[in-house]
Amino acid sequence: RYVLAMEAVSRIVEERLAEVLARYDAPSAAMSALSKLLECLTRPQAPTAVHDARRGVDIHIADSLVGLEVPEMHGAHVIADLGAGAGLPGLVLAAALPDSSVALVEASARKCDFLHQAVDAMGVGNAEVVWSRAEEWAEGMSRCDVVTARALAAMPVLSEYAAPLLRHDGVLVAWKGAVSPAEAADERVAAAHLGLRVESVRSVDP
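Before going into details, it helps to say that this report is about the structure given with it.

## Brief notes about the overall build of the chain
For step 1, the next point in the chain: Looking only at helices and strands, one finds 7 helices and 5 strands in the chain.
For step 2, the next point in the chain: When the helices and strands of the chain are read in sequence order from the N terminus, they spell out α-α-α-β-α-β-α-β-β-α-β-α.
For step 3, the next point in the chain: Among the 206 residues that make up the chain, the fraction classed as buried is 45%.
For step 4, the next point in the chain: Long-range contacts, defined as pairs at least 24 residues apart, comprise 66% of the intrachain contacts of the chain with a sequence gap of at least 6.
For step 5, the next point in the chain: Of the accessible surface of the chain, which amounts to about 10,800 Å², a share of 53% is contributed by carbon and sulfur atoms.

## With respect to the packing of helix α2 (residues 29–41) against helix α5 (residues 109–122)
For step 1, the next point in the chain: Closest axis-to-axis distance for the α2/α5 pair is 8 Å, and the angle between their directions is 145°. Of the two possible hands of crossing, α2 and α5 adopt the one that is right-handed. For the pair α2 and α5, the contacting residues are Ala33, Leu34, Lys36, Leu37, Cys40 and Leu41 in the first and Phe114, Ala118, Ala121 and Met122 in the second.
For step 2, the next point in the chain: For the contact of α2 with α5, a count of residues per class yields 9 nonpolar, no polar and 1 charged.

## Side note on the sheet that holds strand β1 (residues 78–82)
For step 1, the next point in the chain: An order of β3-β2-β1-β4-β5 is seen for the 5 strands of this open sheet, with the pairing classed as parallel. Only two strands of the sheet have a single neighbouring strand rather than two, namely β3 (127–131) and β5 (166–175). Taken pair by pair, the neighbouring strands of this sheet meet at an average axis angle of 20°, ignoring direction.
For step 2, the next point in the chain: In terms of strand pairing, β1 meets strand β4 (residues 144–150) through 4 bridges, oriented parallel. Residue pairing across strands places Ala80 opposite Val147, the latter belonging to β4.
For step 3, the next point in the chain: Along the sheet, α5 makes contact with β2 (101–106) and β3, crossing β3 at roughly 165°.

## Quick word on the pairing of β2
For step 1, the next point in the chain: Most of β2 sits out of view: 5 of its 6 residues are buried.
For step 2, the next point in the chain: Note: β1 against β2, 5 bridges, orientation parallel. Residue pairing across strands places Ile79 opposite Val102, the latter belonging to β2.
For step 3, the next point in the chain: In this sheet, β3 lies alongside β2 in parallel orientation, the contact comprising 5 bridges. Along β3, the bridge assignment pairs Ala103 with Glu128.
For step 4, the next point in the chain: In this fold, β2 hands off to α5, which returns the chain to β3; that crossover is right-handed.

Rules used throughout
Residues numbered from 1 in each chain as written. Predicted model: local features only at pLDDT ≥ 70, side-chain atom pairs only at ≥ 80, totals over all residues. Heavy atoms only, no water. Helix = DSSP H or I, 4+ residues; strand = E, 2+ residues; numbered from the N terminus. Buried < 20%, exposed > 50% of the residue type's maximum accessible area, 1.4 Å probe, protein only. Contact = heavy atoms within 4.5 Å. Areas by Shrake-Rupley, 256 points an atom, 1.4 Å probe, with all protein chains shown as cover. Axes fitted to C-alpha atoms, helices over the stretch in contact; angles between N-to-C directions. Left-handed = near helix turned anticlockwise from the far one by under 90°. Nonpolar A, V, L, I, M, F, W, Y, C, P; charged D, E, K, R; others polar. Pairing = 2+ DSSP bridges. Right-handed = clockwise from strand over helix to strand, strands pointing away.

Next up, the structure:
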């Protein structure tokens, strides 16, 4: 009965993952790569609080893929995921956008070890693990079409991290929960000072 139960769980995860990928017309190779990522995220040492693959399809994969709703993401040559952690959204975007180069910028050596393992397991050749603090990553200066960050810091801080990395007309895409009026006001001031503008705030449903 245990084997049958595990097979049923695997089938549920596979069906949901296929549904999510179809929503964004992701390449067929993304299915295998993201299945491997979900397997990596079930490990106790994975830097996430959600290790259940059934929940992970939505919390990790679908939530990362909503970034594809930003048009600039599709034409991006270089994407930098700051505070990459468990590879979310960076590794998911690397699987979905094989023509983009994705830098997974992470300051924690332990998390970088996980990212290297996940990149190898997924077989994504367009993802690179960068062991560095975002503000110290000199190689990324003015090179990035898109900078992403998921639950990393307050918006003014994210803007300070991202602005030096973005090329002209590049965009910062930040995954955030509720933003307080005070943080939103501070972000407008910071953005103006850094040569950025707040393009839009989007409510998404993974």
